[in-house]
Amino acid sequence: MKHSIKKTMGPITALALLVLPGLTFTQDPKPFVSKHKGVPVLLIERVEQIDNLDQGDIIGKNRADFFAVVSINGVENKTEVYAEDDAHPYWEIPLDMRSRYSNIVICIMEDDGGLERKDDHVDVSPKPRNKDIRLRYDRFTGRVSGEVNGQMGQRFILEGKGDDDVARITFKIHKAM
């Protein structure tokens with residue numbers, strides 16, 4: 001019996017297919033591909049509502065419509081809207097390559113378009129009375145500091161505390177491949 005194993009499968013998956021021939025594995029149909037190859041980027045992988053952000057939605061869809069406004073050394077970058085309560089948008093924001101440091105402010109908003117016209121400022125900061133995440137990235141050392149401390153490539157998960165419109169965010173700074 002001949003087995004063909006795709007290159008995208010890891011050794012554990014391949015072993016499971018050989019040992020358990022009836023077992024199937026599902027993979028994301030659209031794997032994430034970076035638009036910024038070789039450049040350090042802030043990658044927002046996930047935004048998950050904790051509070052119900054669309055209470056009283058007239059249409060009744062009752063689903064969060066997240067977007068991010070990320071400031072890199074004072075330059076604002078706005079992402080597209082991603083409409084899911086547990087969103088996996090994979091938003092990429094390239095960091096400033098002209099400077100050693102990138103001062104980063106991550107602001108998550110919930111789009112209330114239509115008749116409401118007032119977007120909600122989502123709390124993703126673990127600091128009370130502060131909704132945004134403030135970071136500093138050192139491109140010479142790869143160090144990330146501010147509301148989190150770590151290194152390039154490290155995944156951070158933060159949840160808002162003490163304010164309304166709370167959500168959890170998963171992000172990292174990495175070199176896009």
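In this text the structure is predicted, and so the values were computed from the model without any measurement.

Engineer: How would you sum up the side chain of Glu110? Please name residues and give values.
Structural biologist: Structurally, Glu110 can be placed in strand 7 (residues 101–110). Given the relative accessible area of 0%, Glu110 is considered buried. Separated by 2.9 Å, the side chain of Glu110 and the backbone nitrogen of Asp65 make a polar contact.

Engineer: Hey, could you go over the side chain of Ser102 for me, with residue numbers and the actual values?
Structural biologist: Structurally, Ser102 is set in strand 7. Setting aside chain neighbours within four positions, we find Ser102 in contact with Ile72, Asn73, Leu95, Asp96, Leu135, Arg136 and Tyr137.

Engineer: Can you explain the nonpolar core? Please cite residues and give values.
Structural biologist: If you look at soluble globular proteins, the nonpolar side chains tend to sit buried side by side. Membership of the largest hydrophobic core comes to 28 residues, with the highest contact counts inside it found for Ile44, Ile104, Ile106, Ile108, Ile169 and Phe171. When residues no more than four places from it in sequence are discounted, the contact partners of Ile169 are Ile44, Arg46, Val47, Ile106, Ile108, Val124, Ile133, Phe156, Ile157 and Leu158.

Engineer: Can you tell me about the pattern of salt bridges, naming the residues and giving the values?
Structural biologist: Enumeration over the complete set of coordinates arrives at nine salt bridges. Measuring nitrogen to oxygen at the nearest pair gives 2.7 Å for the salt bridge that ties Arg46 to Asp86. Linking Arg46 in strand 1 (residues 40–49) with Asp86 in strand 5 (residues 86–87), this pair joins segments that are 40 residues apart in sequence. A relative accessible area of 32% means that Asp86 is categorised as partly exposed. For the salt bridge of Glu48 with Arg168, the shortest nitrogen-to-oxygen distance reads 2.7 Å. Separated by 120 residues along the polypeptide, Glu48 in strand 1 and Arg168 in strand 13 (residues 167–175) bring together distant segments of the chain. The class of Glu48 is buried, set by a relative accessible area of 18%.

Engineer: Give a description of the pairing of strand 2 (residues 65–72) that names residues and reports values.
Structural biologist: Of all the eight residues making up strand 2, eight are buried; the element is thus mostly covered by neighbouring parts of the structure. Judged by which residues are buried, strand 2 turns out to be covered on both faces: Asp65, Phe67, Val69 and Ser71 on one side and Phe66, Ala68, Val70 and Ile72 on the other are all buried. The pairing of strand 2 with strand 4 (residues 82–83) spans two bridges and is antiparallel. Residue pairing in the sheet places Phe66 in a bridge with Tyr82 of strand 4. Examined bridge by bridge, strand 2 and strand 7 share seven bridges and lie antiparallel to one another. Its bridge partner being in strand 7, Ile72 is matched across the sheet by Ile104. One ladder, built from four bridges, connects strand 2 with strand 3 (residues 75–78); its direction is antiparallel. Looking at the pairing, Val70 lines up with Asn77 of strand 3. Counting the residues in the hairpin turn of strand 2 and strand 3 gives two residues, including Asn73, whose phi is positive at 50°.

Engineer: So, unusual backbone geometry: which residues are in play, and what are the values?
Structural biologist: A positive phi angle is found at Asn73, which is not glycine, with a value near 50°. Checked against the element boundaries, Asn73 lands in the loop between strand 2 and strand 3. If you check the backbone angles, Tyr90 has positive phi at about 50° while not being a glycine. Given the relative accessible area of 33%, Tyr90 is considered partly exposed.

Reading the values: the criteria
Residues numbered from 1 in each chain as written. Predicted model: local features only at pLDDT ≥ 70, side-chain atom pairs only at ≥ 80, totals over all residues. Heavy atoms only, no water. Helix = DSSP H or I, 4+ residues; strand = E, 2+ residues; numbered from the N terminus. Buried < 20%, exposed > 50% of the residue type's maximum accessible area, 1.4 Å probe, protein only. Polar contact = N/O pair within 3.5 Å; in protein donor to acceptor, adjacent residues only side chain to side chain. Contact = heavy atoms within 4.5 Å. Core = buried A, V, L, I, M, F, W, Y, C linked by side-chain atoms within 4.5 Å. Salt bridge = Lys/Arg side-chain N within 4 Å of Asp/Glu carboxyl O. Pairing = 2+ DSSP bridges.

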